[in-house]
Amino acid sequence: MRACRHEPVPHTPVWFMRQAGRSLPEYLKVREGIPMLESCMRPELVKEITLQPVRRHKVDAAIFFSDIVVPLRAVGIDVDIKPGIGPVIADPIRSFADLERLRPLEPDDVPYITEAVGLLVDELGPTPLIGFAGAPYTLASYLIEGGPSKNHENTKAMMYGAPDLWAALLDRLAGITSAFLKVQIEAGASAIQLFDSWVGALAPDDYRRSVMPASTKVFDAVAGYGVPRIHFGVGTGELLGLMGQAGADVVGVDWRVPLNVAAERVGPGKGLQGNLDPAVLFAPTRAVETKAREVLHAAQALGSSGHIFNLGHGVMPSMDPDALSRLVAFVHEASAR
Ligand code: 1CP
């Protein structure tokens, strides 16, 4: 929390995107036989899965175990998370008539989120809980394509070809996302992260015109709570400045842009999160430490605070959990002040 606010820290804090999940045997064990989305609706299970990486790796923050499509399901969209694929939408959103299926999210739609966050905050003590939601662009890409997509062709076809429909869709999603984040903050989450994982598919002008207003609406909606707001996407080197301007306090950076360069693009006053290439974790410990040291070194461009160590994207299922635990210890040691 102090790093988010540029206050002095005893060492650089570290957590990992997708730290809760398939890389942990204890996760696979408790999830056995329970479909992904159903597991997100069981508060005791959510608490256990969220705590697992905190116990094991000694990371400095917990990320709430859920998924970006949970609020879509909560407003009645027929979405499932298929093993080995990801979110699949039965009837994609392609017209103004389809939009009517995206009603606003009310706190009563997600009582299990309020309950799980409450359980976690009691249990975590001083360790912050990061709440999260999917950003309008990334959610729209699943809703329009009907599932994971490499080229986002239907999404871009709507963005370029039906700008009024596109703007209306993103605006509705901004409302749902804001409401979902508010539920988590009001239940006790210490910080939030807005995942715009796939927005790196866009050029800066298109981002500014067609996406940024909706993301800004989300950040504005939660600004009054004073909790740090983190904004992350993959392949967003050319968008980092705009993603900061959208309203983030901390900008997440993937491994393609060194943090000293990212600091220039984002500008003063904002923190940075990242950005070790996740694939580095498959190399021997010495190589992991050399690359982690490079990240810490590049982050010195921010001064003595304002950096949160993370991977440039999520933990991969086949990663060795012990390599992650060693990395946490290394970051703490190498950055001790
Ligand atoms: O059965 C399983 O274990 C399914 C795997 C899984 C898990 C563990 C999915 C399916 N979602 C999750 C949890 C999850 N999703 C978390 C938990 C907390 C943590 O990080 O430890 C979070 C933050 C997410 C967010 C999420 N879901 C994002 C944004 C983050 C990112 O990685 O960029 C995205 C894009 C999704 C969609 C999604 N859900 C699941 C998968 C496999 C995907 C991606 C599919 C694709 O390639 O489009």
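Note that the structure is predicted; figures quoted are calculated from it, not measured. (Residues numbered from 1 in each chain as written. Predicted model: local features only at pLDDT ≥ 70, side-chain atom pairs only at ≥ 80, totals over all residues.)

Draft legend 1. Representation of the overall build of the protein. Scanning the protein for helices and strands turns up 15 helices and 9 strands. Taking 20 Å as the expected radius of gyration for a compact globule of 337 residues, we find that the protein reaches 19 Å, a close match to that expectation. Along the three orthogonal principal directions, the C-alpha set of the protein runs to about 55 × 45 × 35 Å. Looking at the protein residue by residue over its 337 residues, the buried ones come to 49%. Restricting to contacts in the protein with at least 6 residues of sequence separation, those with at least 24 account for 73%. (Helix = DSSP H or I, 4+ residues; strand = E, 2+ residues; numbered from the N terminus. Rg over C-alpha atoms; globule rule 2.2 N^0.38 Å. Buried ≥ 20, exposed ≤ 12 C-beta atoms within 10 Å, placed from the backbone. Contact = placed C-beta atoms within 7 Å.)

Draft legend 2. Representation of the UniProt feature "binding site: substrate" (unreviewed entry) in the protein within the structure. In the numbering used here, UniProt assigns the "binding site: substrate" (unreviewed entry) feature to R18, Q19, A20, G21, R22, D67, Y142, S197 and H313. Taken together, the annotated residues stretch across 296 residues and extend over separate regions, lying up to 22.6 Å apart by C-alpha. Filtering out sequence-adjacent residues up to four positions away, A20 remains in contact with Y27, I49, T50, Q52, P53, I63 and F65. One can find R22 in the segment before α1 (25–31). For R22, a count of 15 C-beta atoms within 10 Å translates into the label partly exposed. Those residues within four positions of R22 in sequence are excluded, and the remaining contacts are Y27, L28 and P317. (UniProt positions renumbered as here; feature names shortened; annotations may be inferred.)

Draft legend 3. Looking closely at the packing of helix α7 (residues 136–145) against helix α9 (residues 163–186). For the pair α7 and α9, interaxial distance at closest approach is 9 Å and the crossing angle is 115°. Classed by the angle they form, the pair α7 and α9 counts as roughly perpendicular. Where α7 crosses over α9, the handedness of that crossing is right-handed. Residues P136, L139 and A140 of α7 pack against L169, L170, L173, A174 and T177 of α9. (Axes fitted to C-alpha atoms, helices over the stretch in contact; angles between N-to-C directions. Parallel < 35°, antiparallel > 145°, perpendicular 65-115°, else oblique. Left-handed = near helix turned anticlockwise from the far one by under 90°.)

Draft legend 4. Region of interest: the environment of P71. Looking at where P71 falls in the secondary structure, it is placed in helix α4 (residues 70–74). Its 24 C-beta neighbours within 10 Å are what place P71 among the buried residues. The spatial distance from the C-alpha of P71 to the C-alpha of N154 is 22 Å, given a sequence separation of 83 residues. Leaving out residues up to four positions away in the same chain, P71 has contacts with L105, V110, A133, I176 and F180.

Draft legend 5. A look at the pairing of strand β5 (residues 191–195). Burial of β5 is extensive: 5 of the 5 residues sit out of reach of the surface. Side chains of β5 alternate between two faces, with A191, Q193 and F195 and I192 and L194 buried alike. Sheet topology note: the strand β4 (residues 129–134)/β5 ladder contains 5 bridges and is parallel. Paired with G131 across the bridge in β5 is I192. Here 4 bridges tie β5 to strand β6 (residues 229–232), and the two strands are oriented parallel to one another. Counterpart to F195 in the pairing with β6 is F232. (Pairing = 2+ DSSP bridges.)

Draft legend 6. Representation of the nonpolar core in the model. Counting residues in hydrophobic clusters, the biggest one holds 111 residues, and the most contacted among them are I130, A189, I192, V199 and L272. With 10 residues, α9 is the largest single contributor of residues to this core. Those residues in contact with V199 that sit more than four places away from it in its chain are A135, Y137, T138, Y207, V211, G233, T236 and L239. (Core = buried A, V, L, I, M, F, W, Y, C linked by C-beta atoms within 7 Å.)

Draft legend 7. Summary view of the site of the ligand. Taken together, 20 residues sit near the ligand, with A20, G21, G86, P148 and S197 positioned nearest. The residue makeup of the shell around the ligand, split by class, is 12 nonpolar, 5 polar and 3 charged. (Near = placed C-beta within 6 Å. Nonpolar A, V, L, I, M, F, W, Y, C, P; charged D, E, K, R; others polar.)

Draft legend 8. Spotlight on the packing of α7 against helix α8 (residues 153–161). Axis separation between α7 and α8 bottoms out at 8 Å; the angle between their running directions is 105°. With respect to their mutual orientation, α7 and α8 come out roughly perpendicular. Note on element contacts: α8 touches α7 through N154, T155 and M158, opposite A140, S141, I144 and E145.

Draft legend 9. Focus on unusual backbone geometry. Cis peptide bonds are those with omega within 30 degrees of zero, and the linkage from G274 to N275 qualifies with -5°. Examined against the element boundaries, N275 turns out to sit in strand β8 (residues 271–276). Phi is positive for R18, close to 60°, though the residue is something other than glycine. Considering the arrangement of structural elements, one finds R18 in the segment before α1.

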